[in-house]
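Chains, contacts and geometry: an overview
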Amino acid sequence: MVLLFPSLPIEINDRILHCLSFHEMSQCRQASKHFKQVFDEKLNNEWSKAQHYAASIDEKFRKLLPRRPSVRSTHPFYNLFMMKNSINLILNRLAESFNEPIAQKRCCFYAGKLLDVIFSELNYINQRIAINDPGVVMQNFLHNIQDYEFLALENFKSLYPITKQSESLSIDLLSYLYGVLTAEVVMVGAIVIGRCIAKFLKN
């Protein structure tokens, strides 16, 4: 783990990070290479935690709600459950774009504001389950998270195609080399076979 301020104890560094929102962390990445390294790691870790957090809430819903869809739809927590399903769709779309580049260390989950909203919504759902009160699900609860998701994916598309293009060029180059090498192997094989036939005919 890279510390934000290496001269300070780990506990102090943790407290400083705890005081910052993920949006503030994403902005601080631009301050220096060291800050970028620290906050990239932090944002990636928190994005991973968000996915595991969401999965743990899904498990709670599986235990809470009946399996039969017809009965489930009349359960008091059904609207909250559908709210969580909507968030799952957003998380899945984000994971499809971000997870592989993050694993390959070509990208970080720079959408700090989106991460703030995701945790806020997940915390709300988790707390409602904990107190056994579904509360009221607002019709526009997804507007913020959808807006920030759109911005995050648009920025991602403007950055990531460069990498995709490089991958495509690498694949094309390998295919070309493979074709050339294959042709050379066939040519050498034909020459060898031809010489063998010539020797056989002479004998």
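Up top you'll find the structure we're talking about.
Let me sum up the structure you'll find in this document. Position labels on residues start from 1 in each chain and follow its written sequence. With the structure being a predicted model, the display of local features is reserved for residues of pLDDT at least 70 and the display and counting of side-chain atom pairs for 80 or more, all residues being used for whole-chain, interface and lining totals. Computation of side-chain values covers all heavy atoms of the structure but excludes hydrogens and water.

1. Notes on the overall build of the protein chain
Worth spelling out the cut-off: By definition, any uninterrupted DSSP run of H or I lasting at least four residues is a helix, any uninterrupted run of E lasting at least two residues is a strand, and each is numbered from the N terminus. Two residues qualify as a contact provided that any one of their heavy atoms is within 4.5 Å of a heavy atom in the partner residue. Only the protein chains shown count as covering a residue, and every accessible area follows the Shrake-Rupley method with a 1.4 Å probe.
Of regular secondary structure, the protein chain possesses 7 helices and 0 strands. Its helices and strands taken in sequence order, the protein chain reads α-α-α-α-α-α-α from the N to the C terminus. For the protein chain, contacts bridging at least 24 residues in sequence account for 71% of all contacts bridging at least 6. Carbon and sulfur atoms form 60% of the exposed surface of the protein chain, whose accessible area is close to 13600 Å².

2. Here's the deal with the environment of Q27
Note the following rule: Summary of the burial criterion: residues with accessible area below 20% of their type's maximum are buried, those above 50% are exposed, and those between are partly exposed, where the area comes from a 1.4 Å probe applied to protein chains only.
Relative to the helices and strands, Q27 is located in helix α2 (residues 22-28). You can call Q27 partly exposed: its relative accessible area is 46%. In this structure the C-alpha to C-alpha distance between Q27 and Y110, which are 83 residues apart in sequence, comes to 8.7 Å.

3. Side note on unusual backbone geometry
For K105, which is not a glycine, the phi torsion comes out positive at approximately 60 degrees. With respect to the helices and strands, K105 occurs in the loop between α5 (78-103) and α6 (112-130). Overall, the relative accessible area of 77% leaves K105 in the exposed class. Even without being glycine, N132 reaches a positive phi, approximately 60 degrees. By the secondary structure assignment, N132 is in the loop between α6 and α7 (143-202).

4. Quick look at the packing of α5 against α6
Convention followed: Between N-to-C directions, angles cover 0 to 180 degrees, with each direction set by a line fitted to C-alpha atoms, over the stretch in contact for helices. In this scheme, roughly parallel covers angles under 35 degrees and roughly antiparallel covers those over 145, while 65 to 115 is roughly perpendicular and the rest are oblique. Less than a right angle of anticlockwise turn of the near helix away from the far helix marks a crossing as left-handed, whereas a clockwise turn marks it as right-handed. Charged means Asp, Glu, Lys or Arg here, nonpolar means Ala, Val, Leu, Ile, Met, Phe, Trp, Tyr, Cys or Pro, and polar covers whatever is left, Gly included.
Two elements in contact, α5 and α6, have axes separated by 11 Å at closest approach and are oriented at 150 degrees. Taken together, the axes of α5 and α6 lie roughly antiparallel to each other. Taken as a pair, α5 and α6 cross one another with a handedness that is left-handed. Across the interface between the two elements, L80, M83, K84, I87, L91 and L94 of α5 pack against L114, I118, E121, L122, Y124, I125, R128 and I129 of α6. Residue classes in the contact of α5 with α6 are distributed as 11 nonpolar, no polar and 3 charged.

5. What to know about the pattern of salt bridges
Quick note on the threshold: Just to be clear on terms, a salt bridge is a Lys or Arg side-chain nitrogen sitting within 4 Å of an Asp or Glu carboxyl oxygen.
Here the structure, examined in full by the defined rule, presents 8 salt bridges. Where E46 meets K42, a salt bridge forms, and the shortest distance between an N and an O atom there is 3.1 Å. Of the two residues, E46 and K42 both sit in helix α3 (residues 33-64), 4 residues apart, roughly one turn of that helix. Since its relative accessible area comes to 22%, K42 is described here as partly exposed. One salt bridge connects E59 with R62, and the closest N-O pair in it is separated by 2.9 Å.

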